[in-house]
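Breakdown of the fold
In case you want the letters, here they are:
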Amino acid sequence: MNTTLFSIQFRSITTSELAVATALLGEASLVVSDISEKVTLFGLFDGQTLLALGGLEAYQDKALLRSVCVPPQKKGKGYGSHLVRSIENDAMANGITDFYLLTTTAAIFFERAGYQTADRNTAPDVIKNTSEFSDLCPSSAVFMHKALDL
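What counts, and where the lines are drawn
Residues numbered from 1 in each chain as written. Predicted model: local features only at pLDDT ≥ 70, side-chain atom pairs only at ≥ 80, totals over all residues. Heavy atoms only, no water. Pairing = 2+ DSSP bridges. Helix = DSSP H or I, 4+ residues; strand = E, 2+ residues; numbered from the N terminus. Contact = heavy atoms within 4.5 Å. Axes fitted to C-alpha atoms, helices over the stretch in contact; angles between N-to-C directions. Expected span 1.5 Å × (residues − 1). Buried < 20%, exposed > 50% of the residue type's maximum accessible area, 1.4 Å probe, protein only. Core = buried A, V, L, I, M, F, W, Y, C linked by side-chain atoms within 4.5 Å. pLDDT = per-residue confidence, 0-100. Phe/Tyr/Trp six-rings, centres within 6.5 Å; stacked < 30°, edge-to-face > 60°. Lys NZ or Arg CZ within 6 Å of the ring centre and 35° of its normal.

**What about the sheet that holds strand β2 (residues 40–46)?**
Strands sit in the order β1-β2-β3-β4-β5-β7-β6 across an open sheet of seven strands; the sheet is mixed. Because the sheet does not close on itself, it has two edges, and the strands there are β1 (8–12) and β6 (116–117). Both strand β3 (residues 49–59) and strand β4 (residues 62–69) contribute to a ladder of six bridges, which runs antiparallel. Counterpart to Ala 58 in the pairing with β4 is Ala 63. Strands β2, β3 and β4 of the sheet are contacted by helix α1 (residues 18–27), whose axis makes an angle of about 90° with β3. With respect to the sheet, helix α2 (residues 79–93) is in contact with β1, β2, β3, β4, β5 (98–103) and β7 (142–147), its orientation differing from that of β3 by roughly 35°.

**Considering α2**
For an α-helix, the turn length of 3.6 residues means that residues three or four places apart are oriented alike. With 15 residues, α2 extends 21 Å from end C-alpha to end C-alpha; this agrees with the ideal 21 Å at 1.5 Å per step. Those residues of α2 that fall on the buried side of the exposure criterion are Tyr 79, Gly 80, Leu 83, Val 84, Ser 86, Ile 87, Glu 88 and Ala 91. A positive phi of about 90° marks Gly 95, the residue just after α2.

**Here's the deal with the side chain of Ser 67**
Secondary-structure assignment places Ser 67 in strand β4. Excluding residues that lie within four positions of it along the chain, Ser 67 makes contacts with Leu 25, Leu 30, Val 31, Leu 53, Gly 54 and Gly 55.

**Quick word on the environment of Asp 125**
For Asp 125, the position within the fold is in helix α4 (residues 125–128). For Asp 125, a relative accessible area of 55% puts it in the exposed group. Residues Asp 125 and Ile 96 lie 29 residues apart in sequence; the distance between their C-alpha atoms is 16 Å.

**Re the nonpolar core**
In terms of nonpolar packing, the biggest core is built from 21 residues, with Leu 65, Ile 87, Phe 99, Phe 110 and Tyr 115 touching the most fellow members. Counting residues per element, this core draws most heavily on α2, which supplies five residues. Ala 21, Leu 41, Leu 53 and Cys 69 belong to the second largest nonpolar core, which has 11 residues in total.

**Some remarks on the confidence of the model for the protein chain**
Scored by pLDDT, the protein chain has a mean of 89; 95% of the residues are at 70 or more. Summarising per-element confidence for the protein chain, the mean pLDDT is lowest in helix α5 (residues 131–136) (86) and highest in β6 (98). Segment residues 1–5 is flagged for pLDDT under 50; beyond a separation of four residues in sequence, or across chains, it makes zero contacts in the model.

**Here's the deal with the packing of aromatic side chains**
Following the criterion strictly, the structure yields five aromatic pairs and no others. Summarising the aromatic geometry, the rings of Phe 10 and Phe 42 are spaced 5.1 Å apart at their centres and angled 20° between planes, so their arrangement reads as stacked. Residue Phe 10 is found in strand β1, and its partner Phe 42 is found in strand β2; the two are separated by 32 residues along the sequence. Taken together, a centroid distance of 4.9 Å and an interplanar angle of 80° make the contact between Phe 109 and Phe 110 edge-to-face. Classification of Phe 110 by relative accessible area gives buried; the value is 7%. Among the aromatic residues, those joined into a cluster by ring pairs are Tyr 100, Phe 133 and Phe 143. Over the ring of Phe 133 we find Arg 120; its NZ or CZ atom is 4.6 Å from the centre of that ring.

Structure, rendered in structure tokens:
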């Protein structure tokens, strides 16, 4: 009896996977209009199966965590948490010390991951100047911050 076991892999989304990734973001009602070279999309994969997706928009030592989502059939298995930790670890290795995000639906999820609600007025200018912060996310979105331990 032959069985193949895949290990979970964290990596950047390839150009050929971008259409699938943006479709998943659209299905989750997350912003895709400004996905560009400024945003690096990462995926958590089991073989070719996408388990979770998220983005990083980095500016010097600060970053905006973007569009974390898990396909509906994969929710509740810890993939989103694993992806966020993987993105954070990758970012720390590249000198990121502070993460910020905006969410309309997942504040509790991010609180469990160590993010704290913050006043939007305290956002650094580099974060305030992103299209996500200034144009795309509603003012009712919860603004959150997490200082990473280097």
